[in-house]
Amino acid sequence: MNLMLLGAPGAGKGTQAAKLVETYHLAHISTGDILRAAVAAGTPLGMTAKSYMDKGELVPDLVVIGLVKARLQEPDTAAGFILDGFPRTVAQADALDKELEALGKQLDAVISVEVDRSALIDRLTARRTCKACGAIYNVLAQPETASGVCPACGGELFQRDDDTVETVTNRLAVYERSTAPLIDYYSKKGLLRRVDGNRSVEDVFAQIREIVESAAR
Ligand code: AMP
């Protein structure tokens, strides 16, 4: 099962990807996570990426396409994968098409998680992530996380550098300009499945499960 999660920043792609990984044991391919790891490690890739990420801009296509091509060669992707945050431009989607064809693989479904803009801004600025286990929380919906301690593992919670109000506004504009056209792109291929992401994590996941189960048939 090879899946893609499409959606604006804050739509809940990362949260739903984690649940899909847990349920279906898919390899999680998150370009955002790969880039943040490179930033944390201080590699040349990380230093280049950081200058774009801090402004809410996209890292250049050639860089992320190279990362995903390499990731798709890794053995854990053989049993299925979930793309989260890639592609974000039509050029990335075209490159992915070519790469999947070369690998003899195909996408089973593209799940578009759709959330109202006002909710996106609230969610992004309230997002907290655990340094230790990567769990994602919303400090307003889960006030127990306001202490900065992960309820799951006791790790330290942090706010992403790009989840400030200023950067979030630009990320949403970049999404509308560069990424939203992919909804049409995958709709034309007959792969798009729309999900109302304004509901609870569990309700959204229930609908995603139905999509996955029907794509697997
Ligand atoms: P995310 O964690 O998916 O919200 O990504 C965080 C940031 O990483 C984005 O705002 C971009 O700067 C960069 N990024 C992640 N994925 C991509 C991608 N597919 N193309 C370009 N930039 C990306």
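Going by the structure above, here's the rest.
Treat the numbers as computed from the prediction; the structure is a model and nothing was measured.

The rules behind the values
- Residues numbered from 1 in each chain as written.
- Predicted model: local features only at pLDDT ≥ 70, side-chain atom pairs only at ≥ 80, totals over all residues.
- Heavy atoms only, no water.
- Near = heavy atom within 4 Å.
- Polar contact = N/O pair within 3.5 Å; in protein donor to acceptor, adjacent residues only side chain to side chain.
- Areas by Shrake-Rupley, 256 points an atom, 1.4 Å probe, with all protein chains shown as cover.
- Nonpolar A, V, L, I, M, F, W, Y, C, P; charged D, E, K, R; others polar.
- Helix = DSSP H or I, 4+ residues; strand = E, 2+ residues; numbered from the N terminus.
- Buried < 20%, exposed > 50% of the residue type's maximum accessible area, 1.4 Å probe, protein only.
- Contact = heavy atoms within 4.5 Å.

Draft legend 1. Molecular detail of the site of the ligand. Close contacts around the ligand come from 16 residues, with Thr31, Arg36, Glu57, Gly85 and Gln92 the closest. Measuring from an oxygen atom of the ligand, one finds a side-chain N or O atom of Arg36 at 2.8 Å. Arg88 has a polar side-chain atom sitting 3.0 Å from an oxygen atom of the ligand. Burial of the ligand by the protein chains amounts to 96% of its free accessible area of 480 Å². Here the shell around the ligand is composed, by residue class, of six nonpolar, four polar and six charged.

Draft legend 2. Spotlight on the environment of Leu6. Note that Leu6 resides in strand 1 (residues 2-6). A residue is classified by how much of its surface remains accessible, and Leu6, at 4% relative accessible area, is buried. It is 17 Å that separates the C-alpha atoms of Leu6 and Ile34, two residues lying 28 residues apart in sequence. Apart from the residues within four sequence positions on either side, Leu6 is in contact with Lys13, Pro87, Val110, Ile111, Ser112, Val113, Thr179, Leu182, Ile183, Tyr186 and Leu192.

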